[in-house]
Amino acid sequence: DDQADLAITLYQEILAKHPDHLATLYNLATLLGEQHQYGKAKQYYETLIRLEPDFVRGHYNLAVCYLQEKNPQKAQALLEEATRLVPEYAQAHHMLGGILVKQGALEAAAEHFEQAIAHESELAQAYCHLGMVRLQQGHMDLAQEHLENALTLEPAQAEGHYHLGL
């Protein structure tokens, strides 16, 4: 896309003159991530985090890059840091729960899905994923409750319908 390429060039020119400009680092990293240039995006997010260690969105977005590159261990560490910095960061809890499910750590995953819901009660995917974990654990009543909550929030959610039908 020509506009994205132009924006990338402009951001790089700004950073050549002002390498510590946080907003430019963030915008460039985000744009590169949207363009599926995760390796390049990671470099800018890492610089951003080095300059501003408490910038939680940088940790989260860098974790997304690592997940796209099939590196869940690095992503997990970044998401743990993000939830340490901002305990109410629902999306970070949700994504961390997903990583833990894949590791088989179901109860730890459930705790993160519950944290996500506690901080963002409209997060249908977190209810759905919590329901799937409870289903795997054999807690059918809890699973049904969470899956129904997901479908109440997002009635067209196929994943929730599928698991409720099991």
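Refer to the structure presented above.
The following paragraphs examine the structure supplied in this document. In this text, all values refer to a predicted model and were calculated from it rather than measured experimentally.

### Quick notes on the overall build of the protein
Moving on, step 1. If you tally the helices and strands in the protein, you get 10 helices and 0 strands.
Moving on, step 2. The secondary structure elements of the protein, listed N-terminal to C-terminal, are α-α-α-α-α-α-α-α-α-α.
Moving on, step 3. Across its three principal axes, the protein shows a C-alpha extent of roughly 60 × 35 × 25 Å.
Moving on, step 4. For the protein, with 166 residues in total, the buried portion stands at 42%.
Moving on, step 5. Considering only contacts within the protein whose residues lie at least 6 apart along the sequence, 40% involve residues at least 24 apart.
Moving on, step 6. Mean positive and mean negative side-chain charge positions of the protein (10 and 23 charges, respectively) differ by 10 Å.

### Describing the nonpolar core
Moving on, step 1. Counting 46 residues, the largest nonpolar core has Tyr-44, Tyr-45 and Leu-79 as the members making the most contacts within it.
Moving on, step 2. Setting aside its immediate chain neighbours within four residues, Tyr-45 contacts Tyr-26, Ala-29, Thr-30, Gly-58, Asn-61, Leu-62 and Cys-65.

### Some points on the packing of aromatic side chains
Moving on, step 1. Going through the model one piece at a time under the given rule, you end up with 3 aromatic pairs.
Moving on, step 2. Aromatic rings pair up to connect Tyr-26, Tyr-45 and Phe-55 into one cluster.

### Looking at unusual backbone geometry
Moving on, step 1. Phi at His-36 takes a positive value of approximately 65°, unusual for a residue other than glycine.
Moving on, step 2. By secondary structure assignment, the location of His-36 is in the loop between α2 (22-34) and α3 (38-51).
Moving on, step 3. The residue Lys-70 is not glycine, and still its phi comes out positive at about 60°.
Moving on, step 4. With respect to the element layout, Lys-70 can be found in the loop between α4 (56-68) and α5 (72-85).

### Topic: the pattern of salt bridges
Moving on, step 1. Overall, the coordinates contain 4 salt bridges when judged by the stated rule.
Moving on, step 2. The partner of Arg-84 in a salt bridge is Glu-81, and the shortest N-O contact between them spans 2.6 Å. Of this pair, Arg-84 and Glu-81 are both found in helix α5, 3 residues apart, which corresponds to roughly one turn of the helix.
Moving on, step 3. As a salt-bridge pair, Arg-134 and Glu-114 come within 2.8 Å of each other at their nearest N and O atoms. A residue pair is termed long-range when its members are at least 10 positions apart, and Arg-134 in helix α8 (residues 124-136) and Glu-114 in helix α7 (residues 106-119) qualify at 20 residues.
Moving on, step 4. Residue Arg-134 is classed as buried on the basis of its relative accessible area, which comes to 7%.
Moving on, step 5. Because the salt bridges share partners, they merge into one network encompassing Glu-107, Glu-114 and Arg-134.

### Brief notes about α3
Moving on, step 1. An ideal rise of 1.5 Å per residue puts 20 Å on 14 residues; α3 measures up with 20 Å between its terminal C-alpha atoms.
Moving on, step 2. Of all the positions in α3, only Tyr-38, Ala-41, Lys-42, Tyr-44, Tyr-45, Leu-48 and Ile-49 are classed as buried.
Moving on, step 3. On its buried face, α3 sits against α1 (2-17), α2, α4 and α5.

Scoring rules and cut-offs
- Residues numbered from 1 in each chain as written.
- Predicted model: local features only at pLDDT ≥ 70, side-chain atom pairs only at ≥ 80, totals over all residues.
- Heavy atoms only, no water.
- Helix = DSSP H or I, 4+ residues; strand = E, 2+ residues; numbered from the N terminus.
- Buried < 20%, exposed > 50% of the residue type's maximum accessible area, 1.4 Å probe, protein only.
- Contact = heavy atoms within 4.5 Å.
- Lys, Arg positive; Asp, Glu negative; His and termini not counted.
- Charge placed at Lys NZ, Arg CZ, Asp CG, Glu CD.
- Core = buried A, V, L, I, M, F, W, Y, C linked by side-chain atoms within 4.5 Å.
- Phe/Tyr/Trp six-rings, centres within 6.5 Å; stacked < 30°, edge-to-face > 60°.
- Salt bridge = Lys/Arg side-chain N within 4 Å of Asp/Glu carboxyl O.
- Expected span 1.5 Å × (residues − 1).

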